[in-house]
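Observations on the model geometry
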Amino acid sequence: MTNEVDEICQLPGNITDQILSCLPIKDAVRTSILSRKWRYKWCSIPQLVFDDQCTKARGVPSFQPSLQENLVNIIYRVLLLHTGPIQKFKLSHKDFCATSDIDDWILHLSRVSIKEIVLDIWKGQNYKIPSSLFNCQYLIHLELYKCLVKIPSMFEGFHNLESLDLQHVQLSLDGLKALISHCPLLKRLKLRNLEGIKQINVDTGNLEWLDVEGAFQDVTFGFMNRLKSIRVDFSDDIANECGLGNANSSNLHKFFRNLPQIQSVELENYSLKTPPNELCHLKYLFTCIDFSRVEEILTVMCLIRSSPQLKHVDFQNRAKDQQTTRIGTMADFWEDHLACCLEQIQVVSMGGILGNEPELELMKFLLTSSPNLQKMTIQPNSTSGEGKLLRELLRFRRASAQAEVIFL
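Quick caveat, the model's predicted, so the values are computed rather than measured.

Some thoughts on the overall build of the protein chain
When helices and strands are tallied, the protein chain shows 12 helices and 18 strands. Of all 408 residues assigned to the protein chain, the portion counted as buried reaches 47%. Carbon and sulfur atoms make up 48% of the accessible area of the protein chain, which amounts to about 20200 Å² in all.

Okay, structure coming up:
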């Protein structure tokens, strides 16, 4: 045992740091009992993650401090004893409420060239971000959940930031514009359920990955010639209120005109009545739709026809039950598209399938119109009725002799 411990002690410092970084912070601190050489090794680990594993109670519960007090003490002690650079600080405990102590921790981090900050506040009120966070000029990744953000007037930007993740964050529209526009190297942007914002304008030239979700009435996009992956999801209420084919559809057309390099698209609650310009590089399309709605099926058809390199189409059923509407309208729709040929499609995935008529009509169309189809994967919503669905599929003609139908 002594020899094994000695061999571990001989490892280079960066290797032991990497080993300790893979452990929960609580277990990393416990390595101090291994030997005299290991007593303070944990003090230099570059990644500090404080989550649910930090506060697992031991001993007699009545003598334990409260979870809030316990975690606060742990973080203060770790930051006090820590030596060397801190690359990552993550606070994400499901039972931890926002406290003014976080202000002290961020102030400390702003002085140690921190590169990654993750603040997930799961309980209580939104945490008000202190101005010291905007002094973290070496940040590469910033993630905020349930926070209140006010951009200081003297803020000059995060000039090294490459990834920004804002979820359930409260800030002004001008504040959001200032934050995004002052991050010249931004490559990944996630905006989900922002409080108090109904309209946003995303315009940053280096962006490669974009995720927009929430009750937005309008989203406009500038020219982004490096964007490769996009996910857009408006809430059902906003989609119904604004109309699936109104301003959102118009802006989607403008959006596709500004995406010469797009390769992956995920659309939910978005409509498109006429084809956009050719999407030369699009290879993957995901859409969450109601198969009984003609306008949503038409959106998918428009995108497929405009994407000569599209290989994989992934459908997720949004309908809650098997009730269908406008069957006659759907039948007429597919009748009008019988001559359509989808030569580029190789893989089709369909999830949450209920086995109703509109779903079967789409499956039939894809099987009969895709001469190069290799695989169609069907994931039913439940096992009931699976046999009937399978029998129906076996009856459909297939344009591709290699097409394989798989049930999950």
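Notes on empty space enclosed by the protein
A water-sized probe, rolled over the atoms, reveals where empty space remains. What the rule picks out here adds up to one cavity of 30 Å³ or more. The volume enclosed by the largest cavity comes to roughly 40 Å³. Taken together, L133, F134, L142, L144, V149, F158, L166 and L179 make up the full set of residues lining the largest cavity. Its residues assigned to classes, the lining of the largest cavity comprises eight nonpolar, no polar and no charged.

A word on the pairing of strand β2 (residues 88-97)
Across five bridges, strand β1 (residues 47-51) lies against β2 in parallel orientation. The residue of β2 that forms the bridge with F50 is L91. Handedness of the β-α-β unit built from β2, helix α5 (residues 101-109) and strand β3 (residues 116-123) comes out right-handed.

Re the nonpolar core
In this structure, F50, F89, L91, L119, F158 and F315 are the most contacted members of the largest nonpolar core, which totals 100 residues. It is helix α11 (residues 357-369) that contributes the most residues to this core, six residues altogether. Apart from the residues lying within four places of it in its own chain, the contact partners of F89 are L48, F50, I75, W105, L109, I114, E116, I117, V118 and L119.

Focus on the confidence of the model for the protein chain
For the protein chain, per-residue confidence averages 80 on the pLDDT scale, and 75% of positions sit at 70 or higher. By mean pLDDT, helix α7 (residues 236-242) is the weakest element of the protein chain at 45, and strand β5 (residues 141-145) is the strongest at 97. Across residues 59-64 the pLDDT falls below 50, and counting only partners more than four positions away or on other chains, this stretch makes three contacts in the model.

Rules used in this analysis
Sequence positions are assigned chain by chain, starting from 1 and proceeding in written order. Residue-level local features of this predicted model are given only where pLDDT is at least 70; pairs of side-chain atoms are given and counted only at 80 or more, and the full residue set underlies all totals for whole chains, interfaces and linings. Side-chain numbers here rest on the full set of heavy atoms in the structure, without hydrogens or water. By the criteria applied, helices consist of DSSP H or I runs no shorter than four residues and strands consist of E runs no shorter than two, each listed in order from the N terminus. A simple rule labels every residue: compare its accessible area, found with a 1.4 Å probe on the protein chains alone, to the largest value its type can have, and call it buried under 20%, exposed over 50%, or partly exposed in between. Calculation of accessible area relied on Shrake-Rupley with a 1.4 Å probe; when residues are assessed, cover is drawn exclusively from the protein chains displayed. Cavities and pockets were defined on a 1 Å grid built from protein atoms only: a cavity is a group of points that admits a 1.4 Å probe but offers it no way out, a pocket is an open group of points flanked by protein on both sides within 12 Å along at least five of seven lines, and a lining residue is one with an atom within 4 Å of any such point. Grid points are joined across faces, edges and corners, and a volume is the space filled by probe spheres set on the points. Residues are grouped as follows: Ala, Val, Leu, Ile, Met, Phe, Trp, Tyr, Cys and Pro are nonpolar; Asp, Glu, Lys and Arg are charged; every other residue, Gly included, is polar. Strand pairing is assigned whenever DSSP identifies at least 2 bridges connecting the two strands. By convention a crossover is right-handed if, when the strands point away from the viewer, the path from the first strand over the helix to the second runs clockwise. For this analysis, a nonpolar core means a set of buried residues of the types Ala, Val, Leu, Ile, Met, Phe, Trp, Tyr and Cys, connected via side-chain atoms within 4.5 Å. Whether two residues touch is decided by their heavy atoms; if any such pair falls within 4.5 Å, the residues are in contact. Per-residue confidence from the predictor is reported as pLDDT, which spans 0 to 100.

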